[in-house]
Amino acid sequence: MRVLITGANRGIGLALADAYRKGGEEVVATSRSGDTGYPLDVTDPASQRGLATQLAGDPIDLLICNAGVFLDKGTALAEYTADMWADGLAANVTGVFLTIQSLLPNVQAAGGKIAIISSQMASSELAPGGAYLYRASKAAALNLGRNLAVDLKSQGVSVGIYTKGASK
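This report concerns the structure included in the present document. (Residues numbered from 1 in each chain as written. Predicted model: local features only at pLDDT ≥ 70, side-chain atom pairs only at ≥ 80, totals over all residues. Heavy atoms only, no water.)

Moving on: the pattern of salt bridges. In the structure shown here, the tally under the stated rule is two salt bridges. Residue R21 pairs with D18 through a salt bridge whose shortest N-O separation is 3.9 Å. With R21 and D18 both in helix α1 (residues 11-22), this residue pair falls three residues apart, about one helical turn. (Salt bridge = Lys/Arg side-chain N within 4 Å of Asp/Glu carboxyl O. Helix = DSSP H or I, 4+ residues; strand = E, 2+ residues; numbered from the N terminus.)

Below, the discussion takes up the nonpolar core. A general trend in soluble globular proteins is that nonpolar side chains are found buried together. Counting 24 residues, the largest nonpolar core has L4, L63, I100, L103, I114, I116 and L152 as the members making the most contacts within it. Looking at this core, the elements with two or more residues in it are α2 (45-54), β4 (62-65), α3 (82-110), β5 (113-119) and α4 (132-153). Considering every element that reaches this core, the biggest residue donor is α3, with five residues. Apart from residues lying up to four places away in sequence, L103 is in contact with L4, L51, A52, L55, I60 and L63. (Core = buried A, V, L, I, M, F, W, Y, C linked by side-chain atoms within 4.5 Å. Buried < 20%, exposed > 50% of the residue type's maximum accessible area, 1.4 Å probe, protein only. Contact = heavy atoms within 4.5 Å.)

As a further point, take the packing of α2 against α3. At a closest axis distance of 9 Å, the pairing of α2 and α3 adopts a crossing angle of 30°. One element, α2, and the other, α3, form an angle in the roughly parallel class. The two elements α2 and α3 meet at a crossing, and its hand is right-handed. Residues P45, Q48, L51 and A52 of α2 pack against G95, L98, T99, S102 and L103 of α3. For the contact of α2 with α3, the residue count by class is five nonpolar, four polar and no charged. (Axes fitted to C-alpha atoms, helices over the stretch in contact; angles between N-to-C directions. Parallel < 35°, antiparallel > 145°, perpendicular 65-115°, else oblique. Left-handed = near helix turned anticlockwise from the far one by under 90°. Nonpolar A, V, L, I, M, F, W, Y, C, P; charged D, E, K, R; others polar.)

Position of A115 relative to the elements: it lies in strand β5. Since its relative accessible area comes to 8%, A115 is described here as buried. Setting aside chain neighbours within four positions, we find A115 in contact with L62, L63, I64, C65, G160 and Y162.

To describe a pair of aromatic rings, one takes the distance between the centres and the angle between the planes. Summed over the entire model, instances satisfying the criterion amount to three aromatic pairs. When the ring of Y80 is compared with that of Y132, the centres are 5.6 Å apart and the planes differ by 55°; the resulting orientation is tilted. Linking Y80 in the loop between β4 and α3 with Y132 in helix α4, this pair joins segments that are 52 residues apart in sequence. Judged by relative accessible area, which is 13%, Y80 ranks as buried. Using a relative accessible area of 38% as the deciding quantity, one classes Y132 as partly exposed. (Phe/Tyr/Trp six-rings, centres within 6.5 Å; stacked < 30°, edge-to-face > 60°.)

This part is about the pairing of strand β1 (residues 2-5). Burial of the side chains of β1 extends over both faces: R2 and L4 are buried on one face and V3 and I5 on the other. Taken together, the four bridges between β1 and strand β2 (residues 26-31) define a ladder with parallel strand orientation. Within the sheet, the bridge partner assigned to V3 lies in β2 and is V27. Note on the crossover from β1 through α1 to β2: the handedness is right-handed. (Pairing = 2+ DSSP bridges. Right-handed = clockwise from strand over helix to strand, strands pointing away.)

What follows concerns the side chain of R135. Looking at the element boundaries, R135 is found in helix α4. Buried charge without a partner: R135 forms no salt bridge, and the closest opposite charge is D72, 7.3 Å away. Separated by 2.9 Å, the side chain of R135 and the backbone oxygen of G130 make a polar contact. (Lys, Arg positive; Asp, Glu negative; His and termini not counted. Polar contact = N/O pair within 3.5 Å; in protein donor to acceptor, adjacent residues only side chain to side chain.)

Set out below in structure tokens:
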């Protein structure tokens, strides 16, 4: 099985890559720098096209959209900026969509599946305040995944949304 993991240079992405490799699976790891495999800035359409070109015709059994940022950890309400919002949404929402859009032919070629990593912090039931950007962007990624699951089902592609525990 071939597994592609975005943001596989640290944290959950690195742990997933190590676990799949240990299980004998072929892992295509990506990170912005490319030092863990393929370079991919999920926010950059040119970077997305570059990876799609490199992997053209290669089936992907499991695409794990893990790359993301937590830019507002410990940020006070008055410290939020429009640029912070733009960068966070670009990585955590747009990046997920662009990755799926660019690699969907590879997933379809394998009859594969897509996993989107969200966060428990995306839950409206678990909203104790703060981390507005992170919570909103992960909630948007969750919503995106639910809608993609409906739309891609008829194409034989399953989409799952998985939450990771809150980090403090």
